[in-house]
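One letter stands for each residue in the lines below.
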Amino acid sequence: MSQANASIPFTFDIPDHRPRMPGQQVRPIITVDGDRIISGCEPVVFIGANGAGKSRLVSLVATSPNVTLIPADRQTDVPDTLGPVAMHDAENMLRSQQNNGYNIPGMGQANRRKVQDINQLFTYLKAEEAQVGVDFYRATADSPTAPRPSTKIADVERLWRVVFPERRFNLQSYNPRVERTLPDGTRNTYAASNMSEGERSILYLIARIVTASAGIVLIDEPEVHMHSLLARRFWDVVEQSRLDCRFAYVTHDLAFALSRRNARMVVVRAENVVSVIPASERIPPAVFEEIYGAATLSVSASRLVFCEGVDDGSIDRPFYEAWFNSGGTSVAPVGSCTAVRQSTYV
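Residues numbered from 1 in each chain as written. Predicted model: local features only at pLDDT ≥ 70, side-chain atom pairs only at ≥ 80, totals over all residues. Heavy atoms only, no water.

(A) How the structure looks around the sheet that holds strand S8 (residues 187–191). Pairing in this open sheet of 3 strands is antiparallel, and the strands run S6-S7-S8 from one edge to the other. Two strands close off the open sheet at either side, each with one partner strand: strand S6 (167–170) and S8. Pairs of neighbouring strands in the sheet enclose a mean axial angle of 20°, with direction left out of account. Sheet topology places strand S7 (residues 177–181) next to S8; 5 bridges connect them, and they run antiparallel. Paired with Val-178 across the two strands is Tyr-190, which belongs to S8. (Pairing = 2+ DSSP bridges. Helix = DSSP H or I, 4+ residues; strand = E, 2+ residues; numbered from the N terminus. Axes fitted to C-alpha atoms, helices over the stretch in contact; angles between N-to-C directions.)

Shown next, in the form of structure tokens:
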């Protein structure tokens with residue numbers, strides 16, 4: 001099942017052998033310029049400078065089959081109250097809002113519309129929970145030992161607790177709430193509509209990921225409204241939660257791009273001009289210059305490791321990345337052993 005479109009420089013192919021068992025990995029294929037295939041299940045990062053055409057590129061694939069698009073311009077105000085709606089109707093309203101909420105191919109940046117699907121998104125989650133509950137009630141009437149099913153809301157709440165261990169997102173009623181445990185042990189409960197912008201953004205992204213179909217999940221500006229370390233931790237968790245999806249990120253944040261483990265990098269220079277960096281190579285200094293205007297890179301990490309070598313194929317950096325194997329560690333090759341010592345002087 002391929003997406004063939006001459007106006008975009010890459011296509012998506014989702015194999016027919018979709019995962020059938022929990023934990024089984026899917027291996028969607030991304031083909032660039034018709035012949036360069038990025039197979040496997042690792043993330044793919046489309047990087048490029050501001051104005052390079054990344055968002056325009058995203059809009060061109062907004063209607064591609066087998067692709068869940070999460071655009072950068074997203075409305076994340078959580079409603080105070082949700083209305084009961086039948087699951088079929090709720091799902092139709094959600095998909096209609098998402099399909100109509102982004103760029104229309106052929107329109108310019110000024111015509112981009114913010115996606116306003118959050119009401120329909122959480123209405124659908126509540127409708128799915130209600131339908132699962134009805135089905136379970138009927139199943140136990142015939143078989144009292146029927147296994148208890150899971151719901152998408154339960155998945156949202158679980159992922160939320162992984163990212164924010166001290167906070168509980170509660171959607172048990174039709175009034176979304178957040179319960180936060182304070183350092184002194186007391187609990188503070190408030191409406192989800194009063195969450196911070198970062199909290200709302202993460203909640204929206206979790207809900208979109210949980211409701212995504214198996215295949216490609218394409219995220220424009222995945223780090224927006226998040227601290228850099230939180231963004232890295234969040235997407236690490238999300239990637240592991242959906243092994244039936246392959247994640248593709250569109251960003252100009254090189255620190256975030258480099259945080260994706262074993263990711264394949266694709267440089268966007270125009271909306272229809274992209275180049276794939278070979279898996280055995282690092283991002284060339286010229287790309288750093290295009291994005292930052294200078295061959296420098298700032299990193300956000302809880303631990304920064306300086307090592308010998310340079311990004312020219314030497315084994316130092318891959319060795320130490322494998323050795324530490326931590327999302328909170330960044331490895332920076334700086335040249336000679338003398339340069340390593342000098343880099344640690346403060």
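(B) The arrangement of the environment of Asn-262 in detail. Tracing the backbone shows Asn-262 in the loop between helix H7 (254–259) and strand S11 (264–270). For Asn-262, a relative accessible area of 63% translates into the label exposed. The sequence separation of Asn-262 and Pro-43 amounts to 219 residues, and the corresponding C-alpha distance is 7.3 Å. If we skip the residues at most four places from it in the chain, Asn-262 touches Glu-42 and Pro-43. (Buried < 20%, exposed > 50% of the residue type's maximum accessible area, 1.4 Å probe, protein only. Contact = heavy atoms within 4.5 Å.)

(C) Region of interest: the sheet that holds S11. Taken in spatial order, the 6 strands line up as S5-S9-S10-S4-S11-S12 in an open sheet, and their pairing is mixed. Two strands in the sheet have a free side with no partner beyond their single neighbour: strand S5 (67–70) and strand S12 (273–276). Strand-to-strand twist in this sheet, taken as the mean axis angle between neighbours without regard to direction, amounts to 20°. For strand S4 (residues 44–47) and strand S10 (residues 245–251), the ladder comprises 4 bridges, and the chain directions are parallel. Note that in S10 the partner of Val-44 across the bridge is Ala-248. In the packing of helix H5 (residues 197–211) onto the sheet, the strands contacted are S5, strand S9 (215–220) and S10, and the crossing angle to S5 comes to about 170°. Docked against the sheet, helix H6 (residues 228–241) engages S9 and S10, running at close to 155° with respect to S10.

(D) Here's a closer look at the nonpolar core. By size, the foremost hydrophobic cluster in this structure holds 57 residues, and its most contacted members are Ile-47, Phe-122, Phe-169, Ile-202, Phe-234, Trp-235 and Phe-247. By size, the runner-up hydrophobic cluster in this structure holds 15 residues, among which are Val-67, Leu-69, Ala-248 and Val-250. (Core = buried A, V, L, I, M, F, W, Y, C linked by side-chain atoms within 4.5 Å.)

(E) Looking closely at the packing of helix H3 (residues 118–142) against helix H4 (residues 152–163). It is the contact of H3 with H4, at a shortest axis distance of 8 Å, that shows an interaxial angle of 120°. The orientation of H3 with respect to H4, classified from their angle, is oblique. On H4, the residues that touch Tyr-124, Leu-125, Lys-126, Glu-128 and Glu-129 of H3 are Lys-152, Ile-153 and Val-156. Within the contact of H3 with H4, the residues separate by chemical class into 4 nonpolar, no polar and 4 charged. (Parallel < 35°, antiparallel > 145°, perpendicular 65-115°, else oblique. Nonpolar A, V, L, I, M, F, W, Y, C, P; charged D, E, K, R; others polar.)

(F) Fine view of the side chain of Arg-208. Following the sequence through the fold, Arg-208 ends up in helix H5. Using a relative accessible area of 5% as the deciding quantity, one classes Arg-208 as buried. Sequence-distant contacts of Arg-208, that is, excluding residues within four places in its chain, are made with Thr-68, Leu-69, Ile-70, Gln-98, Asp-117 and Leu-121.

(G) Just the packing of aromatic side chains, in detail. Counted under the stated rule, the structure contains 9 aromatic pairs. Aromatic side chains Trp-160 and Phe-169 sit 6.2 Å apart centroid to centroid with 55° between the ring planes, which places their arrangement in the tilted category. Judged on exposure class, the residue Trp-160 and its partner Phe-169 are both buried. For the pair Phe-247 and Tyr-249, a centre-to-centre distance of 6.4 Å together with 15° between the ring planes defines the contact as stacked. By relative accessible area, Phe-247 is classed as buried at 3%. Each member of the aromatic cluster is reached from another via a ring pair, and the members are Phe-234, Trp-235, Phe-247, Tyr-249 and Phe-256. Over the ring of Tyr-174 we find Lys-126, and its NZ or CZ is 4.9 Å from the ring centre. (Phe/Tyr/Trp six-rings, centres within 6.5 Å; stacked < 30°, edge-to-face > 60°. Lys NZ or Arg CZ within 6 Å of the ring centre and 35° of its normal.)

Remember that the coordinates give geometry; whether it matters functionally is a separate question.
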